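What follows is the residue order along each chain.
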Amino acid sequence: MTSNSGFPEKVDEEVRQLYERYQSAKSDEKRHEIALEMGKLDGRWHAEIYEALEYE
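Throughout this document, residue positions are counted from 1 along each chain, in the order its sequence is written. It should be noted that, the model being predicted, local features are given only for residues of pLDDT at least 70 and side-chain atom pairs only at 80 or more, the latter also being counted only at that level, while totals for whole chains, interfaces and linings use all residues. Hydrogens and water are ignored here; the side-chain numbers use all heavy atoms of the structure.

1. Some thoughts on the overall build of the protein
Thought 1: When helices and strands are tallied, the protein shows two helices and zero strands.
Thought 2: Relative accessibility decides the category of a residue: with a 1.4 Å probe and only protein chains considered, values under 20% of the type maximum give buried, values over 50% give exposed, and everything between is partly exposed. Taken over 56 residues, the protein has a buried fraction of 14%.
Thought 3: Here the Shrake-Rupley method, with its probe set to 1.4 Å, supplies the accessible areas, and only the displayed protein chains count as covering residues. Carbon together with sulfur atoms contributes 52% to the accessible area of the protein, which is approximately 4600 Å² in total. Helix numbering and strand numbering both begin at the N terminus, where a helix is a DSSP run of H or I of at least 4 residues and a strand a DSSP run of E of at least 2.

Written out as structure tokens, the structure reads:
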């Protein structure tokens, strides 16, 4: 599906970095900001999946 685009690897790396930042965050406010970033990343990932499905 999207394996040729490199997208899954990019997402894996972004998820790993966000998770590490979330774990090391010192405040609830910072964790909330990072959680919002994770939501945006998840939305981009789902959009990529749906776009690929349109062309199958």
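2. So, the nonpolar core
Thought 1: For this analysis, a nonpolar core means a set of buried residues of the types Ala, Val, Leu, Ile, Met, Phe, Trp, Tyr and Cys, connected via side-chain atoms within 4.5 Å. Listed in full, the five residues of the largest apolar core are Val11, Leu18, Ala25, Ile34 and Leu41.
Thought 2: Of all the secondary structure elements, the ones that give two or more residues to this core are helix H1 (7–24) and helix H2 (28–54).
Thought 3: Residues count as neighbours in contact if any of their non-hydrogen atoms are within 4.5 Å of one another. Not counting residues up to four positions away in its chain, the partners in contact with isoleucine 34 are Leu18, Arg21, Tyr22 and Ala25.

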